[in-house]
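# Coordinate inspection notes
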Amino acid sequence: MTDDSRPLAVFDLDGTLADTAHRQRYLERRPRDWGAFFAAAPHDPPLAQGVDLARRSARDCEVVYLTGRPERCRADTEAWLARQGLPTGRIWMRRNDDRRPARRTKLEILRNLARKREVRMLVDDDELVCDEAVRAGFTVVRADWAHTSETLKEAQEKEGRT
C-alpha cells in the first residue's frame, strides 16, 4: 500500500543495490550476450551500502525502483528484491525493445513522478544519469560503492540495455 503524501526515494538496481560484477563478463565478448547477462541477475549479491540506504529511506519515504533492466526481467527482479528484504515498492523497467540511453529513459520517468509526488532523492551509479538528474533539479545520491566495468558503462550508454 502506498501513502501518496510520502516523498519518493528512487533506487536504481544494478550497481546500486545489486552487485553485477559476476555477470559483466557476458558483455566483454562479441557479440555481447545480453541474455546470459540478465539470466544471471537473480544470483547478484546485494550491495550492503545501497541496501542499507534503501531500508533507512523507507522510514520517511516510499521506496520505488527505477531500472534499465528490460520488462522481461520483472519476475526475477521482484524475487531478488524480496530475498534481500528490501522495501516493497513499484518497479519501473525498460520496455523490452527500448534501446534509448538510461539517462534519457530514467529522466523521463523521474519527471513524470515529480509531477505527482515529491522525489526526495535518486540513488544511482550511472554517472550520466546522475548528471542529467542534477541538471534537472533532482537531489542525487551517487552510488559509488560498486565497481562497474568500462564495458558495462559503454553498453549502458551506446546500446541502451541496462
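Scope of this entry: the structure provided in the associated data block.

## Points about the overall build of the chain
Helix and strand counts for the chain stand at 6 helices and 5 strands. Expected size for 162 residues packed as a compact globule is a radius of gyration near 15 Å; at 15 Å, the chain falls within 12% of this value. Taking the principal axes of the C-alpha coordinates as reference, the chain spans close to 45 × 35 × 25 Å. Burial statistics for the chain: of 162 residues in total, 51% are counted as buried.

## A few points about helix H5 (residues 127-135)
Listed in full, the buried residues belonging to H5 are Val 129, Cys 130 and Ala 133. Taken around the axis of H5, the buried residues stretch over an arc of 95 degrees, which confines them to a single face. Seen from the buried face of H5, the exposed residues on the opposite side, beyond 90 degrees, are Glu 127 and Arg 135. Where H5 is buried, its residues contact helix H4 (102-116), strand E4 (119-124) and strand E5 (140-142). Taking the backbone nitrogen of Leu 128 as reference, a side-chain oxygen 2.9 Å away marks Asp 126 as the first, capping residue of H5. One or two positions beyond H5, positive phi appears at Gly 137, with a value near 95 degrees.

## With respect to the layout of surface pockets
Here the largest pocket defines a volume of roughly 350 Å³. In this structure, the largest pocket is lined by 21 residues; those nearest its centre are Arg 90, Trp 92, Ile 109, Asn 112 and Leu 113. Among the elements of the structure, strand E2 (62-70), strand E3 (91-94) and H4 are those that each provide at least two residues to the lining of the largest pocket. Sort the elements by how many residues they give to the lining of the largest pocket and H4 lands first, with 7 residues. Taken together, the residues of the lining of the largest pocket sort by class into 7 nonpolar, 4 polar and 10 charged.

## Points about the pairing of E3
Residue alternation in E3 divides its side chains into two sets, Ile 91 and Met 93 and Trp 92 and Arg 94, and both sets are buried. Of the pairings in the sheet, the one linking E2 to E3 comprises 3 bridges and is parallel in character. Residue pairing across strands places Tyr 65 opposite Ile 91, the latter belonging to E3.

## Regarding the packing of aromatic side chains
Scanning the entire structure with this criterion turns up 3 aromatic pairs. An angle of 80 degrees between the planes, with centres 5.6 Å apart, marks the rings of Trp 34 and Phe 37 as edge-to-face. A residue pair is termed a helical-turn pair when its members lie 3 or 4 positions apart in one helix, as Trp 34 and Phe 37 do in helix H1 (residues 34-39) at 3 residues. Here the two residues Trp 34 and Phe 37 agree in accessibility, since each one is buried. Taking 5.8 Å as the distance between ring centres and 25 degrees as the angle between the ring planes, the aromatic pair formed by Trp 34 and Phe 38 counts as stacked.

Calculation notes
- For every chain, the first residue of the written sequence is number 1, and numbering continues from 1 onward in sequence order.
- A pLDDT threshold of at least 70 governs which residues receive local features in this predicted model, and a stricter bar of 80 or more applies before side-chain atom pairs are shown or counted, although totals over entire chains, interfaces and linings include all residues.
- Heavy atoms from the whole structure form the basis of all side-chain values; hydrogens and water molecules are not counted.
- Counting from the N terminus, the helices are the DSSP runs of H or I reaching at least four residues and the strands are the DSSP runs of E reaching at least two.
- Here the globule rule is a power law, 2.2 Å times the number of residues to the power 0.38, and the radius of gyration is based on C-alpha atoms.
- Exposure is judged per residue with a 1.4 Å probe applied to protein chains only, and the accessible area is read against the type maximum: over 50% gives exposed, under 20% gives buried, and values in between give partly exposed.
- Along the arc lie the directions from the helix axis toward the C-beta atoms.
- Note on definitions: a residue-residue contact is assigned when non-hydrogen atoms from the two residues lie within 4.5 Å.
- Polar contacts, as used here, are pairs of N or O atoms within 3.5 Å; protein pairs need one atom able to donate a hydrogen and one able to accept it. Residues neighboring in sequence count only if both atoms are side-chain atoms.
- Only protein atoms enter the calculation, which uses a 1 Å grid: trapped sets of points that fit a 1.4 Å probe without letting it out are cavities, open sets showing protein on both sides within 12 Å along at least five of seven lines are pockets, and any residue with an atom within 4 Å of a point is a lining residue.
- Grid points are joined across faces, edges and corners, and a volume is the space filled by probe spheres set on the points.
- Any residue that is not Ala, Val, Leu, Ile, Met, Phe, Trp, Tyr, Cys, Pro, Asp, Glu, Lys or Arg is counted as polar, Gly included; the first ten are nonpolar and the last four charged.
- What makes two strands pair is DSSP finding at least two bridges between them.
- Think of it this way: a Phe, Tyr or Trp ring, Trp meaning its six-membered ring, pairs with another when their centres are within 6.5 Å, and the plane angle makes it stacked under 30 degrees, edge-to-face over 60, tilted otherwise.

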